[in-house]
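# Working through the structure, step by step
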Amino acid sequence: MKRREMLRASVLAGAAAALRPSLATAQSAAQASELTPAQSGVDGSKDLAAPGWKPLFLDEHQNETLIVLSDLIIPATDTPGAKEALVNRYIDLVLAAETHETQRAFLNSLGYVDGESMRRSKAAFRYLSREDQDILLHALAYPRFGSGWAGDTNAVADPGHSHFEALKGRIMTAYYSSQIGEKELGWDGAFAHGPYQGCEHPEGEHK
Amino acid sequence: MAQDPLQQTYDAVVVGSGATGGWAAKQLAEAGLKVALLEAGRAVSPKEFTEHMPAYKLKYRDHSPEVVRTRPVQKQCYACMEYNYEWFVNDLENPYSTPPGKPFTWQRLRVLGGRSLVWGRQSYRMSDNDFKAASRDGYGDDWPISYAELGPYYDIVERYVGISGALEGNEMLPDGQFLPPMKMSCGEVQLRERVKAKFGHTVTIGRAAVLTQNHNGRLACHYCGPCERGCMTFSYFSSPFTTVKDAIASGNCTLLTNAVVSHVDMDTEPNKARGVTYVDRLTRQVKEVRGKAVILCAQALESTRILLNSSTREYPNGLANSSGALGHYLMDHVVGAGASGRLADFKTLPNANEPARPNGIYIPRFRNTPSGNKHSRFIRGYGYQGGAGAGFNFSAEGYGASLKKAVKEGEYEISLGAFGESLARWDNFVEIDHDLKDAWGIPALHINMTHGDNEAALMEDAGAMGAEMLEAAGAKDIRVQAAVEVPGMAIHELGTARMGNDPKKSVLNAFNQAHDVKNLFVMDGASFVSSACQNPTLTMMAVTVRACTHLIDRFRKSEV
């Protein structure tokens, strides 16, 4: 995820209006159908928070599992977490538009977590105690690899870890691209913060 | 009453409104010539710029299924995104073919300004180490022009465009008419100091077509970051708001948008072009524009496609192709190698509110230079683009509160990515695919290109050298890449209608004029004889201005 891509807001409208060339009016206006929604000024951020939201792709159990999982991976601390950022809703929206193969891979990862939960605790992940959820997630997040010696051909990636990373990647993308995520990173909502200052240290004292 | 734009004969018909077409229209119209400027796409307005729209306002936050469905090729470029994909061609309407196992990615925009709306803005001069490379190492052909001949036109272009950069006195990368350079980060300065000390190589700030001070009626950059989504202060150079605007303001340029040119029309008089035929993009009506001179600036492969599609009984293998060279010697800089790592000693935290510099650093070519040794495994060389700075650590391990904290603590990252010279080879070529047409019924291209052994050797060396330089800068956890990316990925397509002094071996003369058809010109990257390793747009613009200056002179002498 490119941080730079996520950090823009509007402050220079006056300057732009002063500079806007007569060319724009001299040419025929672009056909509305040939603008992207963003170029037409559509704000698509409100849809996910709409009352009566229903998942497009996930079933209720999958959706609830995703909420629990996202809340563990990016919890509310002194700042809001993934649950408040509605990452499950964004992930559902994107999944609904993806290929069957990608959808299957996601459900496979989510199902793996439930499978491990059933194997260990005889209950689906969302029904475990927070403590048991944490124990399971820890095992997936910090797997034991082979001996660690270079050239150890028995060092095989833990499939549980791969599934964890796939789910975590989705949740991270959804969280840090949300408005809550932008704030989490400290963005003040402005797009211009003056000229780039660069390094002003003497030689050899860079930090 | 205004004259019907199609009922008159223009002095010049310019096809394409991007970096080169904009310059051709400006130069000719300001000299008093009557110009018709044809653009295949629609007009563009600052109202559709999205550089200040946060990603969370995009419905899919740049994972739009519409982009995946309609731009599967275009989205291979970072600049094609949910914000602006309508500027890029719809791949379903604009097909091309490649041989099995030889992919080529072709990035195109059809909108006023073309790729100048989204380009990377890096602007470097070439030198006689490039123009006369064949004389120096025996490979390929020299350009029919020298640095001394092109230098004054570089000056004109740089002064108008506004290139920010630093003077370095480097033998491979001539200095130019620069606005003040952008600043370097601490990591970049450390790299510059240590690479100079250990290897003697130059690390400089990127030379970018982005204003560091108000210039020619445009405002200095406000460092918001994503130029490729537009710029409300017009601080980066794009043709619609500069050259094309000037051309129209002269009163001598008629802009025809939605004009998808299919071919050049020939006069009844032998070897003389009459104008071009185009298909109206929206109505599909076929129309003709007449001009005393026809100038193709449609982008290297599109200009050549027009010439190949202009075959007649007299010109069975494409127009201006008595040499047989038309379509051949396709080049695109080789990319895929470099190195990245962490400056672990740097404790600077990432800052979401830091000004976003739309530029990086540059390391000019240091292999096979006049003052250096000849490399045993390859000819020519490569340059690096890169950068260093604190970034949020989105690949932090684990989960929970510690993950949130680790993301914000970030990493101080440093990276270098190489652009290598792509040798001009006859075997890399385009031809017409007679079984494939675009949505306007115009035969599409079959693109046949692979990078060769020299390009692979360049990338191998670039990966290893990149790692050595980062190590010298104090980087840890260095990751090396030495791959060869799919051709087209640099988006620096060059050649296919090369210049040359010998009409038997080249398509154009030293003034971009077709050897075979004296009032036909190709003034874009198609004319390049070799690729060098520098980003080519600045040179394309300088070549265009030089060619237009010559053409204006010929008009004045009534030779056209």
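Heads up: these notes are all about the structure in this document. (Residues numbered from 1 in each chain as written. Chains lettered and ligands numbered in written order. Predicted model: local features only at pLDDT ≥ 70, side-chain atom pairs only at ≥ 80, totals over all residues. Heavy atoms only, no water.)

## Describing the overall build of chain B
A tally of helices and strands in chain B yields 11 helices and 17 strands. Its C-alpha radius of gyration of 23 Å places chain B within 12% of the 24 Å reference for a compact globule of 560 residues. Across the 560 residues of chain B, 67% fall into the buried class. Intrachain contacts of chain B at a sequence separation of at least 6 include 72% that bridge at least 24 residues. For chain B, the computed accessible surface area is about 19,200 Å², with 48% contributed by carbon and sulfur atoms. (Helix = DSSP H or I, 4+ residues; strand = E, 2+ residues; numbered from the N terminus. Rg over C-alpha atoms; globule rule 2.2 N^0.38 Å. Buried < 20%, exposed > 50% of the residue type's maximum accessible area, 1.4 Å probe, protein only. Contact = heavy atoms within 4.5 Å. Areas by Shrake-Rupley, 256 points an atom, 1.4 Å probe, with all protein chains shown as cover.)

## Digging into the overall build of chain A
A count of helices and strands for chain A gives eight helices and zero strands. For chain A, the N- to C-terminal ordering of α and β elements is α-α-α-α-α-α-α-α. Excluding contacts between residues fewer than 6 apart, the proportion of contacts in chain A whose partners are at least 24 apart in sequence is 68%.

## Concerning helix α1 (residues 19-30) of chain B
Residues and elements named next belong to chain B. Compared with an ideal rise of 1.5 Å per residue, which puts 12 residues at 16 Å, α1 spans 17 Å between its outermost C-alpha atoms and is within 8% of the ideal. Counting buried residues along α1, 11 of its 12 residues qualify, which places the element largely inside the surrounding structure. Of the residues trailing α1, G32 is marked for its positive phi of about 100 degrees. (Expected span 1.5 Å × (residues − 1).)

## Structural notes on the packing of aromatic side chains
In the structure shown here, the tally under the stated rule is 20 aromatic pairs over all chains. Pairing A:W187 with A:F191 gives two aromatic rings, centres 5.3 Å apart and planes at 70 degrees, and the pair type is edge-to-face. For the pair shown, A:W187 and A:F191 are each scored as buried. Plain terms: the ring middles of B:W143 and B:F528 are 4.8 Å apart, the flat faces sit at 65 degrees to each other, and that makes the pair edge-to-face. (Phe/Tyr/Trp six-rings, centres within 6.5 Å; stacked < 30°, edge-to-face > 60°.)

## Some remarks on helix α6 (residues 186-199) of chain B
All names here are of chain B. With 14 residues, α6 extends 19 Å from end C-alpha to end C-alpha; this agrees with the ideal 20 Å at 1.5 Å per step. Taken as a whole, α6 has its buried residues at C186, G187, E188, V189, Q190, L191, E193 and V195. The inward-facing, buried residues of α6 contact β11 (361-363), β12 (382-391), β13 (411-420) and α10 (453-472). Looking one or two residues beyond α6, the residue adopting positive phi is G200, at roughly 80 degrees.

## Remarks on the interface of chain A and chain B
Each side of the interface is counted separately: chain A has 86 residues, and chain B has 78 residues. Residue A:E184 pairs with B:K408 through a salt bridge whose shortest N-O separation is 3.4 Å. Taken together, chain A and chain B are joined by 25 residue pairs in polar contact (both at pLDDT 80 or more). Mapped onto the side of chain A that touches chain B, the elements with two or more residues apiece are α1 (13-19), α2 (23-26), α3 (60-73), α4 (87-96), α6 (130-141), α7 (159-176) and α8 (179-184) of chain A. Looking at the side of chain A that touches chain B, the element that brings in the most residues is α7(A), giving seven residues. (Salt bridge = Lys/Arg side-chain N within 4 Å of Asp/Glu carboxyl O. Polar contact = N/O pair within 3.5 Å; in protein donor to acceptor, adjacent residues only side chain to side chain.)

## Structural notes on empty space enclosed by the protein
Residues and elements named next belong to chain B. Following the criterion strictly, the structure yields two cavities of 30 Å³ or more and no others. Approximately 80 Å³ is the volume attributed to the largest cavity. Class assignment for the residues of the lining of the largest cavity results in nine nonpolar, four polar and one charged. Considered as a void within the structure, the second largest cavity measures approximately 40 Å³ in volume. Every residue lining the second largest cavity is listed: Y139, G140, D141, R380, E421, S422, L423, A424, V529 and S530. Broken down by class, the residue content of the lining of the second largest cavity amounts to four nonpolar, three polar and three charged. (1 Å grid on protein atoms, 1.4 Å probe; cavity = no way out; pocket = protein on both sides within 12 Å on 5 of 7 lines; lining within 4 Å. Points joined across faces, edges and corners; volume = space filled by probe spheres on them. Nonpolar A, V, L, I, M, F, W, Y, C, P; charged D, E, K, R; others polar.)

## Looking at the side chain of B:S185
As for its position among the elements, B:S185 is in the loop between β4 (178-179) and α6. One polar contact links the side chain of B:S185 to the main-chain carbonyl oxygen of B:A388, over a distance of 2.7 Å. Setting aside residues up to four positions removed in sequence, B:S185 forms contacts with A:Y196, A:C199, B:R357, B:A388 and B:Y412.

## With respect to the sheet that holds strand β16 (residues 476-482) of chain B
All names here are of chain B. Within the open sheet, the six strands sit side by side as β5-β11-β12-β13-β10-β16. Their pairing is antiparallel. Here the strands that pair on one side only, and so sit at the sheet edges, are β5 (204-205) and β16. Across two bridges, the pairing between β5 and β11 is antiparallel. Bridge pairing in β11 places I205 opposite I361. The strands touched by α6 within the sheet are β5, β11, β12 and β13, with β13 carrying the most contacts at an inclination of about 55 degrees. (Pairing = 2+ DSSP bridges. Axes fitted to C-alpha atoms, helices over the stretch in contact; angles between N-to-C directions.)

## Some points on the side chain of B:R380
Residues and elements named next belong to chain B. By secondary structure assignment, the location of R380 is in the loop between β11 and β12. Side-chain polar atoms of R380 contact the backbone oxygen of Y139, separated by 2.9 Å. Among the polar contacts listed, one links the side chain of R380 to the side chain of E421, at a separation of 2.8 Å. In this structure, R380 is in contact with A133, A134, D137, Y139, R365, R367, N368, E421, L423, L458 and S530, ignoring residues within four places of it in sequence.

## Quick look at the pattern of salt bridges
Residues and elements named next belong to chain B. All chains considered together, the criterion is met by 40 salt bridges over all chains. Here D141 and K505 are joined by a salt bridge, their closest N and O atoms 3.7 Å apart. In this pair, D141 sits in the loop between α4 (133-137) and α5 (147-161) while K505 sits in the loop between β16 and β17 (520-522), placing the two residues 364 residues apart along the sequence. Note that K405 and E409 form a salt bridge whose closest N and O atoms lie 3.2 Å from each other. Of the two residues, K405 and E409 are both situated in helix α9 (residues 401-409); the distance of four residues between them amounts to about one turn of the helix. When salt bridges with common partners are traced through the structure, they connect R108, R110, E302, R305 and D438 into a single cluster.

## Side note on the packing of helix α5 (residues 100-121) of chain A against α7(A)
Residue and element names in this part refer to chain A. Contact pair α5 / α7: the axes reach a minimum separation of 9 Å and the direction vectors enclose 115 degrees. Between α5 and α7 lies a crossing whose hand is left-handed. Judged by residue contacts, T102, F106, N108, S109, L110, Y112 and V113 of α5 engage P159, G160, H163, A166, L167 and R170 from α7. (Left-handed = near helix turned anticlockwise from the far one by under 90°.)

## Topic: unusual backbone geometry
The residue A:L86 is not glycine, and still its phi comes out positive at about 55 degrees. Of note in this structure, B:D477 is not a glycine but carries a positive phi near 50 degrees. Relative to the helices and strands, B:D477 is located in strand β16.

## Considerations on the pairing of strand β9 (residues 286-296) of chain B
All names here are of chain B. Note that strand β1 (residues 9-15) and β9 share six bridges and pair parallel. Its bridge partner being in β9, A12 is matched across the sheet by A293. In the sheet, strand β8 (residues 273-280) pairs with β9 via five bridges, with the strands oriented antiparallel. Bridge pairing in β9 places G275 opposite R290.

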